[in-house]
Amino acid sequence: MAEVPAVNDAAERIGYLTRVQRFSACHRLHSTILSDEDNKKVYGKCNNPNGHGHNYKVEVTVRGKIDPITGMVMNMVDLKRCIETVIMIPLDHKNLDKDVPYFSSIVSTTENVAVYIWDNMVKILPPNLLYEIRIHETDNNIVVYRGE
């Protein structure tokens, strides 16, 4: 029987850990900088004065060293708690434009929702751990943001 080579304890192993979360919210795509006519041209039916909703799917990915003792990049329970704080409490079943102060002056596009999530996740995650926010607005429309 062949021997299995020992893993070099000094080797640094990097892992990516992703947690998927779903939330529902409504919004209206409307820029206060544009005229009503220009808003209708730019955003089309998404500029409906009464708004519209989505069932968003968000993937939060962290990247880091796999701890040789715990075998984890991060404890999934801790990541789940961060997602609850940053995504579920402020965004789920909310009107993004009216219930989330951040969007009172920023258009609530999915790109900007990704930036909002990123900016708030980096505040509560360990430094340099957040890798990517991926939001599925629909099955066909996906936004990826990596803090750039």
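Residues numbered from 1 in each chain as written. Predicted model: local features only at pLDDT ≥ 70, side-chain atom pairs only at ≥ 80, totals over all residues. Heavy atoms only, no water.

Caption draft 1: Summary view of helix H2 (residues 76-91). Helix length check: H2, at 16 residues, gives a terminal C-alpha distance of 21 Å against a target of 22 Å (1.5 Å per residue), a fit within 8%. At Glu84, H2 is bent by approximately 40°, the largest bend along its length. Within H2 the residues assigned to the buried category are Leu79, Cys82, Ile83, Val86, Ile87, Met88, Pro90 and Leu91. One side-chain oxygen at the N-terminal end of H2 lies 2.8 Å from the backbone nitrogen of Val77; it belongs to Asn75. Positive backbone phi, at 55°, marks His93, one or two positions downstream of H2. (Helix = DSSP H or I, 4+ residues; strand = E, 2+ residues; numbered from the N terminus. Expected span 1.5 Å × (residues − 1). Bend = angle between axes of the 7 residues up to and from the residue. Buried < 20%, exposed > 50% of the residue type's maximum accessible area, 1.4 Å probe, protein only. Polar contact = N/O pair within 3.5 Å; in protein donor to acceptor, adjacent residues only side chain to side chain.)

Caption draft 2: Spotlight on the environment of Ile135. In this fold, Ile135 is placed in strand S4 (residues 130-136). Setting aside residues no more than four positions away along its own chain, Ile135 makes contact with Tyr56, Lys57, Val58, Thr110, Val113, Ala114, Ile117, Asn141, Ile142 and Val143. (Contact = heavy atoms within 4.5 Å.)

Remember that the coordinates give geometry; whether it matters functionally is a separate question.
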